[in-house]
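Structural characterization, general
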Amino acid sequence: MSKRDSFLALLLVIVWGANFTVIKLGLSGVPSLVLAASRFFIVSATAIFFVRKPQISWKYIVIYGLTLGVGQFGLLFYAIEIGMPAGVASVVLQTQPFFTYLLAAVFLKEAFKRQQVVGLAIMAVGLLLLSGIYGSGDLALVPVGALIMTLFAAFFWSVSNIVIRFANKEAERQGKKLDMLGLVVWSSLVPPIPLMLLALNVNSPQEILMALTNLKLISVFSAFYLAFLATLFGYGVWTMLFDKYPTGKVAPLSLLVPVTGLLSARLVLGEQLTPTQWLGCAIILAGLLISNFGIPGLKTAKA
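Residues numbered from 1 in each chain as written. Predicted model: local features only at pLDDT ≥ 70, side-chain atom pairs only at ≥ 80, totals over all residues. Heavy atoms only, no water.

**With respect to the overall build of the protein chain**
- Secondary structure assignment for the protein chain yields 14 helices and 0 strands.
- Summarising the internal contacts of the protein chain: among those between residues at least 6 apart in sequence, 88% fall at separations of at least 24.
- Summed over its atoms, the accessible surface of the protein chain is roughly 14400 Å², and 70% of this surface lies on carbon and sulfur atoms. (Helix = DSSP H or I, 4+ residues; strand = E, 2+ residues; numbered from the N terminus. Contact = heavy atoms within 4.5 Å. Areas by Shrake-Rupley, 256 points an atom, 1.4 Å probe, with all protein chains shown as cover.)

**As for a nonpolar patch on the surface**
- On the surface, a cluster of nonpolar side chains totalling about 620 Å² of accessible area is made up of Leu212, Leu215, Leu217, Val220, Phe224, Phe228 and Leu229.
- Among the elements that line the nonpolar patch, the one with the most residues is helix 11 (residues 217-244), at 5 residues.
- Given a relative accessible area of 42%, Phe224 falls into the partly exposed group. (Patch = residues over 30% accessible without salt bridge, like charges linked within 9 Å, V, L, I, M, F, W, Y side chains within 5 Å. Salt bridge = Lys/Arg side-chain N within 4 Å of Asp/Glu carboxyl O. Buried < 20%, exposed > 50% of the residue type's maximum accessible area, 1.4 Å probe, protein only.)

**Digging into helix 7 (residues 144-173)**
- A rise of 1.5 Å per residue sets the reference length of helix 7, with its 30 residues, at 44 Å; its end C-alpha atoms lie 44 Å apart and thus fit the reference within 8%.
- Remark: Gly175 follows helix 7 within two positions and exhibits a positive phi of approximately 70 degrees. (Expected span 1.5 Å × (residues − 1).)

**Examining the pattern of salt bridges**
- Throughout the structure, instances matching the rule amount to 1 salt bridge.
- For Arg4, the salt bridge is made with Asp5, and the minimal N-O distance between the two is 2.8 Å.
- According to the relative accessible area criterion, Arg4 is exposed, its value standing at 53%.

**Quick word on the packing of helix 3 (residues 58-81) against helix 7**
- Remark: helix 3 packs on helix 7, axes separated minimally by 8 Å, with the N-to-C direction vectors making an angle of 165 degrees. Taken together, the axes of helix 3 and helix 7 are roughly antiparallel relative to one another. Both helix 3 and helix 7 take part in a crossing whose hand is left-handed. (Axes fitted to C-alpha atoms, helices over the stretch in contact; angles between N-to-C directions. Parallel < 35°, antiparallel > 145°, perpendicular 65-115°, else oblique. Left-handed = near helix turned anticlockwise from the far one by under 90°.)

**Digging into the side chain of Asn203**
- Following the sequence through the fold, Asn203 ends up in the loop between helix 9 (192-202) and helix 10 (205-213).
- Judged by relative accessible area, which is 12%, Asn203 ranks as buried.
- Sequence-distant contacts of Asn203, that is, excluding residues within four places in its chain, are made with Pro31 and Ile208.

**Quick notes on the packing of aromatic side chains**
- The final tally for this structure, using the stated rule, is 8 aromatic pairs.
- A connected cluster of aromatic rings, assembled from ring pairs, spans Phe40, Phe73 and Phe77.
- One Lys or Arg, Lys169, reaches over the ring of Phe166 and ends 5.9 Å from the middle of that ring. (Phe/Tyr/Trp six-rings, centres within 6.5 Å; stacked < 30°, edge-to-face > 60°. Lys NZ or Arg CZ within 6 Å of the ring centre and 35° of its normal.)

**Focus on the nonpolar core**
- Membership of the largest hydrophobic core comes to 86 residues, with the highest contact counts inside it found for Leu76 and Met84.
- Look past the residues within four positions of Met84 in its chain and what remains in contact with it is Lys24, Ala79, Ala89, Val92, Val142, Ala146, Leu147 and Thr150. (Core = buried A, V, L, I, M, F, W, Y, C linked by side-chain atoms within 4.5 Å.)

**Let's talk about the packing of helix 8 (residues 180-187) against helix 11**
- With their axes 9 Å apart at the nearest point, helix 8 and helix 11 run at an angle of 160 degrees to one another. Considering their axes alone, helix 8 and helix 11 lie roughly antiparallel with respect to each other. In this structure, helix 8 crosses over helix 11, and the sense of that crossing is right-handed. Together, Met180, Leu181, Val184 and Val185 of helix 8 and Thr231, Leu232, Tyr235, Gly236 and Thr239 of helix 11 make up the contact between the two elements.
- Of the residues contributing to the contact of helix 8 with helix 11, the split by class is 6 nonpolar, 3 polar and no charged. (Nonpolar A, V, L, I, M, F, W, Y, C, P; charged D, E, K, R; others polar.)

**Focus: the confidence of the model for the protein chain**
- On average, residues of the protein chain carry a pLDDT of 84, and 89% of them reach 70 or more.
- Under a pLDDT of 50 for its full length, residues 135-139 has, in the predicted model, 6 contacts with residues more than four places off or in other chains. (pLDDT = per-residue confidence, 0-100.)

**Quick look at the side chain of Ser187**
- If you trace the backbone, Ser187 turns up in helix 8.
- Ser187 has contacts with Ile61, Tyr64 and Gly65, leaving out every residue within four places of it along the chain.

**Thoughts on the environment of Ile284**
- Here Ile284 is to be found in helix 14 (residues 275-293).
- We classify Ile284 as buried; its relative accessible area is 0%.
- Residues Ile284 and Leu129 lie 155 residues apart in sequence; the distance between their C-alpha atoms is 9.7 Å.

**Focus on the environment of Ile148**
- Mapped onto the fold, Ile148 is located in helix 7.
- Residue classification places Ile148 among the partly exposed positions, given a relative accessible area of 42%.
- Between the alpha carbons of Ile148 and Leu75 there is a distance of 9.6 Å; along the sequence they are 73 residues apart.

**Looking at the environment of Leu25**
- Structurally, Leu25 can be placed in helix 1 (residues 3-26).
- Leu25 sits in the partly exposed class, given a relative accessible area of 25%.
- Along the sequence, Leu25 and Phe221 sit 196 residues apart, while their C-alpha atoms lie 9.2 Å from each other.
- Not counting chain neighbours up to four residues away, the residues in contact with Leu25 comprise Ile218, Val268 and Leu269.

Here it is in C-alpha cells:
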C-alpha cells in the first residue's frame, strides 16, 4: 500500500475499534435504540444527496438495512446498554465470519473448510473463558443476556453479508459492480423507524422524550461520530481499499479492530478484564486467524 493508504487503513482500524467505546459513552444520555436510530437517520439525511443509489433491486437495500441496521446494530447497542463491556463487544462481534461460513454453506452451497471448523472450536473455548463462567471468584461476569445479544448481532451481520453476496450477483448479471458505500448510505433509510418502534417497546415515551429534550453533548458527539466517522468515513475508506488492492491485503485489517477496541475501552472507559478473560480474547482472535489463514504447514481441506 502507498503511505497515504496505509495511514488511512490505520485510521480506519482505530475509528472502528473506538466505535464501541463511543457507543458506550453515547448511551449515558439516550436509550440504546434511539442512539442507533439517530446514527442511521443522520447518515440518510445527509449523505443520500451526494451518494448514488446502488443499481440493484430495492429488496436488497431494504433487507440489508433491516439485517445490518436493526439486527446487528440494534442488538449491539442494546447489549452494551444492559452491561456488555465495549472492549469485549468488539471481540465477540468478530464471531460473524463463522456464522457467515455456515450461512454460505446453506444458501450458497459453499464448501466448509477444515480450518473453519478448527477455528470455530477454538473460538468457542475463548467465548467460554470470556464469559467469566470459569475462573476466580472475583471474576467480573459478562451478563449472559448481553453476551447472547452480541452473538445474535454477529449473526445478523453475517446475514447481511449473504445479502451482499446475492446483491453482488445481481449487479454482475447487469455487467456492473456493487457500490458498497451506496448500499450502506441508501439502506440507512430503513432502520430509523423500526428502531424507534422497538425503542417505544423497551422505553416509555416519556423516557425517550426526556432524553431527546435534554440531550447531553456526549450523546450528540456519539451520534455524529457513528454516522460520519464509523459509517461514511469507515465504509468509504474500506470500499476504496478493496477497489485498489487485493482482498488478501485488505480483509485482514478487520482482525485489528478488536485490538483497538479493547485498548480504547481500557484507556477511555477504564474497562478491566481478568487474566482469564484476556486469555479468552486471545483465543478468539487465534480462532479468527486460523479460520481465515489456516494453520501453517497444514493443507486446507473440506470438512
